[in-house]
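Topology and contacts: notes
Residues per chain are reported as follows:
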Amino acid sequence: MRRLTTAGAVVAAGAVILTGCGRGDGGGASGAESKGSIDDEPAAGTVEVWAMGNEGEVLGELARQFEEENPDVTIDVTAVPWESAHDRIATAIAGGETPDISMLGTTWVGEFAATGAFEPTPDGLVDEGSFFEGSWETAIVDEVAYGVPWYVDTRVLYYRTDLAEAAGVEPPETWDEYKAFAKALQGQGATSGVSLPPGGFDSWQYVTPLAWQQGGDILDADGETFALDSAAWQEAFAFYASFFEEGISEPVRLEGGEIEQKFISGEVGSFYSGPYHVSLLLEQGGPEFADQFAVAMVPGADSRTSFTGGGNLAVFDDSDNRDAAWKFVRWLSQPETQVQWYDISTDLPSVEAAWEDPVFADDPYLSVFGEQLTDSKAPPAIPTWAQVSAVIDQELEKVTRGETSVEDALATVQQQAESIGTGQ
């Protein structure tokens, strides 16, 4: 997976976000304060930016447009590999040798916010209401926003249209329809009606939306107490495991390269992924394969909530060129800039208005992702989330392999999560 895999793969593999304003309140909280508003004068001086993966390789192309509009500024982009990003940011903070701006993955927010290394987002820099709500919340820690969402990702259901048509089924909207749909695809020759990871690394991203769809959550309403053994989580674990118990999903984890080929061959009837898989499938399946697959919003219970990830931009509190840094972040958050960024990087816009552009609105694949983003959610930005989510991964695998019951697994998850704490 390219981006949607949090700390450890690309969406979560290297990112941070700190906070400055809660959605709708426009200001700092919890004692965190920015250093003042940002004016509209042209940016000047040098701004050092760290960006990860492909974004780091191509951001310079977009930055040149900002430099043309601000002749006295230089944007110096350093490409940082995702595998080393977390340690590099941590080392830079500890040594006081940070850049002006860093790109951050959405699940590292709480951990790095706790260091106090980032400046809260200045009042009035952006309109937080212009972002997808689930995306904006990834920048919030203790009701304070640090930086802004830059690009977003979410998961939708990829499915073989030819197998579905042959089986006489439509894309599922509910849990019952989802299971019947997957079984129907199996009836057309698919070994797995839907490919799901049987637990292990980052499988929490697949099961957590099932809890969200029933009104469950990771933390109670107080935002301080774990709620991982609730009825919603019990139902989520049981429903997820039933796909393996009933033989609808093979108990194997398909890695990058495998999932595409098995989907193209028809061995896999459906799977969940982000937007980058569209181009991979078109490239590997050839022009004729375009008519054999489509995407749909995830099926759900009370809602059709999906997982969201992406990349954020945060400015370090000790930035040598703070004003120019925030001006660059603000420019990157403009709808027209985000459309240009998609053309360069294929990253999806975090600002809803950008989705009105025909490049998104008229695309049969991208338009579905835009619709899904209106009902997508990220885990809370707590410093200990990587540890807690690893316990969910571990216990889910025990359940799907029949080594423990749902009740015992979630009791362990809750107990260990409480022992780990939120780190707040």
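Whatever comes next refers back to the structure up there.
Worth saying up front: this structure is predicted, and the values here are computed from it rather than measured.

So, how was this worked out
Residues numbered from 1 in each chain as written. Predicted model: local features only at pLDDT ≥ 70, side-chain atom pairs only at ≥ 80, totals over all residues. Heavy atoms only, no water. Patch = residues over 30% accessible without salt bridge, like charges linked within 9 Å, V, L, I, M, F, W, Y side chains within 5 Å. Areas by Shrake-Rupley, 256 points an atom, 1.4 Å probe, with all protein chains shown as cover. Salt bridge = Lys/Arg side-chain N within 4 Å of Asp/Glu carboxyl O. Lys, Arg positive; Asp, Glu negative; His and termini not counted. Charge placed at Lys NZ, Arg CZ, Asp CG, Glu CD. Helix = DSSP H or I, 4+ residues; strand = E, 2+ residues; numbered from the N terminus. Buried < 20%, exposed > 50% of the residue type's maximum accessible area, 1.4 Å probe, protein only. Axes fitted to C-alpha atoms, helices over the stretch in contact; angles between N-to-C directions. Parallel < 35°, antiparallel > 145°, perpendicular 65-115°, else oblique. Left-handed = near helix turned anticlockwise from the far one by under 90°. Contact = heavy atoms within 4.5 Å. Core = buried A, V, L, I, M, F, W, Y, C linked by side-chain atoms within 4.5 Å. 1 Å grid on protein atoms, 1.4 Å probe; cavity = no way out; pocket = protein on both sides within 12 Å on 5 of 7 lines; lining within 4 Å. Points joined across faces, edges and corners; volume = space filled by probe spheres on them. Nonpolar A, V, L, I, M, F, W, Y, C, P; charged D, E, K, R; others polar. Pairing = 2+ DSSP bridges.

**Here's the deal with a negative patch on the surface**
Together, Asp 142, Glu 143, Asp 220, Asp 222 and Glu 224 give the surface a local cluster of negative charge. Within the fold, Asp 220 resides in the loop between α7 (204-212) and α8 (231-245). When its relative accessible area of 36% is taken as the criterion, Asp 220 is described as partly exposed.

**Structural notes on the packing of helix α6 (residues 175-186) against α8**
Contact geometry for α6 and α8: axes closest at 11 Å, N-to-C directions at 15°. The pairing of α6 with α8 is recorded here as roughly parallel in orientation. Of the two elements, α6 crosses α8, and the hand of that crossing is right-handed. Of the residues in α8, those touching α6 at Trp 175, Tyr 178, Lys 179 and Ala 182 are Glu 235, Phe 239, Ser 242 and Phe 243.

**Topic: helix α12 (residues 335-345)**
Restricting attention to buried positions, one finds in α12 the residues Thr 337, Gln 338, Val 339, Trp 341, Tyr 342 and Ser 345. If you follow the buried residues of α12, they end up packed against α1 (53-69), β7 (148-154), α11 (322-332), β12 (348-349), α13 (358-361) and α14 (366-373). A positive backbone phi angle near 65° is found at Thr 346, which sits one or two residues after α12.

**Regarding the pattern of salt bridges**
Scanning the entire structure with this criterion turns up 12 salt bridges. Note that Lys 35 and Asp 317 form a salt bridge whose closest N and O atoms lie 3.8 Å from each other. Taken together, the positions of Lys 35 in the loop between β1 (18-19) and β2 (45-52) and Asp 317 in the loop between β11 (306-315) and α11 put the pair 282 residues apart, joining distant regions of the chain. A residue is classified by how much of its surface remains accessible, and Lys 35, at 49% relative accessible area, is partly exposed. A salt bridge links Asp 40 to Arg 330; the nearest nitrogen and oxygen atoms lie 3.5 Å apart.

**Brief notes about unusual backbone geometry**
Of note, the phi angle at Glu 143 is positive, near 70°, even though the residue is not glycine. In this fold, Glu 143 is placed in the loop between β5 (140-141) and β6 (144-146). In this structure, Thr 346 is a non-glycine residue whose phi angle is positive, near 65°. You can see Thr 346 is positioned in the loop between α12 and β12.

**What to know about the nonpolar core**
With 50 residues, the main nonpolar core has Ile 101 and Phe 328 as its most contacted residues. Apart from the residues within four sequence positions on either side, Phe 328 is in contact with Val 49, Leu 59, Ala 63, Phe 66, Ile 75 and Ile 101. Core analysis: the next-biggest nonpolar cluster, separate from the first, contains 48 residues, Phe 181, Leu 210, Leu 219 and Leu 410 among them.

**Points about the environment of Val 388**
Looking at where Val 388 falls in the secondary structure, it is placed in helix α15 (residues 385-400). Val 388 sits in the buried class, given a relative accessible area of 1%. In contact with Val 388, other than residues within four places in its own chain, are Phe 226, Leu 228, Ala 417 and Ile 420.

**As for empty space enclosed by the protein**
Across all of its chains, the model carries 1 cavity of 30 Å³ or more by this definition. If you add up the space inside the largest cavity, you get close to 180 Å³. Taken together, 17 residues make up the lining of the largest cavity; nearest its centre are Tyr 206, Pro 209, Leu 210, Tyr 272 and Val 298. Elements supplying a minimum of two residues to the lining of the largest cavity: α7, α8 and β11. Classifying every residue of the lining of the largest cavity by side-chain character gives 12 nonpolar, 4 polar and 1 charged.

**Here's the deal with the pairing of strand β9 (residues 270-273)**
Of the two faces of β9, the one carrying Ser 270 and Tyr 272 and the one carrying Phe 271 and Ser 273 are both buried. Judged from the 4 bridges that link them, strand β8 (residues 156-160) and β9 form a sheet pairing that is antiparallel. Looking at the pairing, Leu 157 lines up with Tyr 272 of β9.

**Concerning the pairing of strand β4 (residues 101-105)**
Of all the 5 residues making up β4, 5 are buried; the element is thus mostly covered by neighbouring parts of the structure. On β4, burial covers both faces: Ile 101, Met 103 and Gly 105 on one face and Ser 102 and Leu 104 on the other are all buried. Where β2 meets β4, 2 bridges bridge the pair, whose relative direction is parallel. The partner of Trp 50 across the bridge, within β4, is Ser 102. The pairing of β4 with β11 spans 5 bridges and is classified as antiparallel. For Ser 102, the partnering residue across the bridge sits in β11 and is Ala 314.

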